[in-house]
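Each chain, written out:
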Amino acid sequence: LEMLNITKGKQCMDNGNQFPNQTTIAISIAKLALERGVTLKELAEILNLSYSGVSRWTRGETFPTPEVIDKLQDYFKVPIAQLLGEITSLESAF
């Protein structure tokens, strides 16, 4: 599946703050798209974004911008922690 073509991610550091790694976010976005039954191309069209940008996230090459994270969260109807891979489902949030 194209959505699961994920490369090894890297940890990002910014002023000592650690962000979720790219692989974790890549897996989360790919899994949510798969569960929703949409391809990366369809997801890009729904969010009015380029396919190449969406594809780069799911390969762990780049992070979505904060604005795009908001769009993803709205579309998938999940808490940001789940989108960023910090929790795997709503059940594990409680």
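This is a predicted model, so every value here is computed, not measured.

A few points about the nonpolar core
Counting 19 residues, the largest nonpolar core has Ile29, Leu43, Leu72, Phe76 and Leu83 as the members making the most contacts within it. When contributions to this core are tallied by element, the ones reaching two or more residues are α1 (22-36), α2 (40-46), α3 (51-58) and α4 (66-76). Ranked by the residues each element gives to this core, the list is headed by α4, at five residues. Setting aside residues no more than four positions away along its own chain, Ile29 makes contact with Leu43, Trp57, Thr58, Pro64, Leu72, Phe76 and Leu83.

Observations concerning the environment of Leu43
Positionally, Leu43 belongs in helix α2. Once you skip the residues sitting within four places of it in the chain, Leu43 turns out to touch Ile29, Val38, Val54, Leu72, Tyr75 and Phe76.

Some remarks on α4
By the burial criterion, the buried members of α4 are Val68, Ile69, Leu72, Tyr75 and Phe76. In a view along the axis of α4, the buried residues occupy a sector of 125°, so they form one face of it. In α4, the exposed positions that point more than 90 degrees away from the buried face belong to Pro66, Glu67 and Asp74. Buried residues along α4 sit in contact with α1, α2, α3 and α5 (80-83).

A closer look at α1
Helix length check: α1, at 15 residues, gives a terminal C-alpha distance of 21 Å against a target of 21 Å (1.5 Å per residue), a fit within 8%. Those residues of α1 that are buried lie in contact with α2, α3, α4 and α5. Remark: Gly37 follows α1 within two positions and exhibits a positive phi of approximately 80°.

Some points on the pattern of salt bridges
With the rule as written, the count across this model stands at two salt bridges. A salt bridge links Lys31 to Glu35, with the shortest nitrogen-to-oxygen separation between them at 3.9 Å. Of this pair, Lys31 and Glu35 both sit in helix α1, four residues apart, roughly one helical turn. Given a relative accessible area of 38%, Lys31 falls into the partly exposed group. Given the relative accessible area of 56%, Glu35 is considered exposed. For the salt bridge of Glu61 with Arg59, the shortest nitrogen-to-oxygen distance reads 2.9 Å.

Reading the values: rules and limits
- Residues numbered from 1 in each chain as written.
- Predicted model: local features only at pLDDT ≥ 70, side-chain atom pairs only at ≥ 80, totals over all residues.
- Heavy atoms only, no water.
- Core = buried A, V, L, I, M, F, W, Y, C linked by side-chain atoms within 4.5 Å.
- Buried < 20%, exposed > 50% of the residue type's maximum accessible area, 1.4 Å probe, protein only.
- Helix = DSSP H or I, 4+ residues; strand = E, 2+ residues; numbered from the N terminus.
- Contact = heavy atoms within 4.5 Å.
- Arc of directions from axis to C-beta.
- Expected span 1.5 Å × (residues − 1).
- Salt bridge = Lys/Arg side-chain N within 4 Å of Asp/Glu carboxyl O.

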